[in-house]
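Chains, contacts and geometry: an overview
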Amino acid sequence: MTDITTTNKAVLDFDHQIKEQADAFPTLSVLNNKGEIVDNDALERAALSDDDFKNIMKRMLLSRQLDIRSTKLAKQGRFGFFAPTAGQEASQMASSYAFNDDDWLMPGYRDIPEIIVKGWPIWKAILWSRGHVLGNVFTTEDGKPVNSWMPQIIIGAQYVEAAGIALGLKKRQKNAVAYSYTGDGGSSQGDFYEGVNFAGAYKANAVFFIQNNGFAISTPRELQTAATHLAAKGWSAGVPSIVVDGNDPIAVYLASKEARAWAVSGKGPVLIETLTNRLEAHSTAGDDPLRYREQDDIDTWWQKEPLLRMRKYMTDRGIWDSKQEEDYVSEVNEHIDSQIKIADAVSKQKISDFVKNTLEVPSYAMSEQITKLESEGK
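Described below are features of the structure shown in this document. Here the structure is a predicted model, which is why all the values come from computation and not from measurement.

1. Some remarks on a nonpolar patch on the surface
- On the surface, a cluster of nonpolar side chains totalling about 340 Å² of accessible area is made up of V11, L12 and F14.
- Structurally, V11 is set in helix α1 (residues 4–11).

Okay, structure coming up:
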C-alpha cells in the first residue's frame, strides 16, 4: 500500500505529469502511409463493405475536386470566401460517413464538403461563398431539409451550437447526434471550451472533431498551446477523448462510428483529434503558406495524403482502378459545371433585399428604407 509521503511526492512531481500527458493518447491507426492494414481486428470492427470503401473514396474525390474547382473560381473572381480542404479529405469525409441524415452537422467554414454530402446542392454552397441569402437555405434540390447550420465564420462558435442541439436531441430522446468540426486554432477559443463543457455536463448527444492540420491560420501548432495533445482538452470536461491518424480513412471512420454509438446511447459526448495537414493556403483571401512553413514540409505531407493510401489499398484489393476513378472525377466535374451555371443564373441581390432579409418583420424605419430603395431600383 502506498504511504502518504510517496503519494505526495508523486502529486508534486510536475515533470512526471508532463510525461504522463504525452503518453496518454496513443494514435488510432488502421491503414498506414503505404496503404497497408496494420490492425486487422480494427478493420473488422469498422465493418466496411466493398461498397462502403467505394463510397468513402468517392466522397474524398468529390472533396478534392471541389477544392480544385473552388480555388480556380476564386482566382477568377467568381467565388467568394473559400477555405481549401486538400489533405483533410479523410478527416472530413470518412468521418461524416459514420453519421446519417437525422444527425445534425454544425460546420466551420472549412467544412463545406460535409454539408454537400448531406444533400446540400453545390450551387447553394457557391452562393453562400458570395454572401447571397439563398446560400443560407439548407434544403436539398427537391426541397427536403438538410440537418445542418450555416458554416461558422466565428472560430469555434459551432461547438456551442452543437452542444445546444445535442442536448435538445437527448431531451427529445432522438436516435441522433450533433457533430461539429473545428481546427487546431479553434481549440484555443473560449467557445470551444464552453461547448465541450456544456455537452459534457449534461451528457448531450455530441461528437466533436478537432482537425489538427498543423497551422491554424499561420501559427504552428507547437507554438499555439503547451498541451501535448489537443484531445487532452476534452478530459478537462470529463469527455472521452482520442487521437486518430487523420489521413487514415478507416481509422477516422471507425473512431467516428464508435463515438456516435457512445453519444447516441446517452453516455455523453466524445472528442476526436484527427492528425492531418492542410496542404494549401488557409484561405483564398491572400494567404501565402510559404511565409510560415517550408516547401519541403508541404511536399512531405503530400506524400502522406489520404487519397494516396486509400487508392493503394483499394487497388491492391481489386475493388478500385484508374478507370473507375477517372469516370467518377469526370462525372463530378460535369456536375460542378452544371451547378456553377445555376449559381450564376440566380439574380444578384439588391440593397433593398439586404434590408428585407435583416429582420423577419422590418422595423418602421427599415420599411421606409425599403420603400425608398425600391423606388430607386436599388
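2. Here's the deal with the packing of helix α4 (residues 50–75) against helix α14 (residues 306–317)
- Interhelical geometry of α4 versus α14 gives an angle of 150 degrees and a closest axis separation of 11 Å. Classified by the angle their axes make, α4 and α14 are roughly antiparallel. Here α4 and α14 pass one another in a crossing that is left-handed. Only P306, L307, M310, R311, Y313, M314 and R317 of α14 make contact with α4, whose side of the interface consists of D50, F53, K54, I56, M57, M60, L61 and R64.
- Residue composition of the contact of α4 with α14, grouped by class: ten nonpolar, no polar and five charged.

3. Observations concerning the nonpolar core
- If you look at the biggest cluster of nonpolar residues, it comprises 66 residues, and the most contacted ones within it are F53 and I250.
- Looking at this core element by element, the count peaks at nine residues for α4.
- Setting aside anything within four residues of it in sequence, one finds I250 in contact with V30, L31, I37, L43, A46, L48, F53 and Y313.
- Grouped together as the second largest cluster of nonpolar side chains are 21 residues, L167, A199, A206 and A237 included.

4. A closer look at α4
- With 26 residues, α4 extends 38 Å from end C-alpha to end C-alpha; this agrees with the ideal 38 Å at 1.5 Å per step.
- Phi turns positive one or two residues past the end of α4, at G77, with a value near 80 degrees.

Here is what the cut-offs are and how they apply
Residues numbered from 1 in each chain as written. Predicted model: local features only at pLDDT ≥ 70, side-chain atom pairs only at ≥ 80, totals over all residues. Heavy atoms only, no water. Patch = residues over 30% accessible without salt bridge, like charges linked within 9 Å, V, L, I, M, F, W, Y side chains within 5 Å. Areas by Shrake-Rupley, 256 points an atom, 1.4 Å probe, with all protein chains shown as cover. Salt bridge = Lys/Arg side-chain N within 4 Å of Asp/Glu carboxyl O. Helix = DSSP H or I, 4+ residues; strand = E, 2+ residues; numbered from the N terminus. Axes fitted to C-alpha atoms, helices over the stretch in contact; angles between N-to-C directions. Parallel < 35°, antiparallel > 145°, perpendicular 65-115°, else oblique. Left-handed = near helix turned anticlockwise from the far one by under 90°. Contact = heavy atoms within 4.5 Å. Nonpolar A, V, L, I, M, F, W, Y, C, P; charged D, E, K, R; others polar. Core = buried A, V, L, I, M, F, W, Y, C linked by side-chain atoms within 4.5 Å. Buried < 20%, exposed > 50% of the residue type's maximum accessible area, 1.4 Å probe, protein only. Expected span 1.5 Å × (residues − 1).

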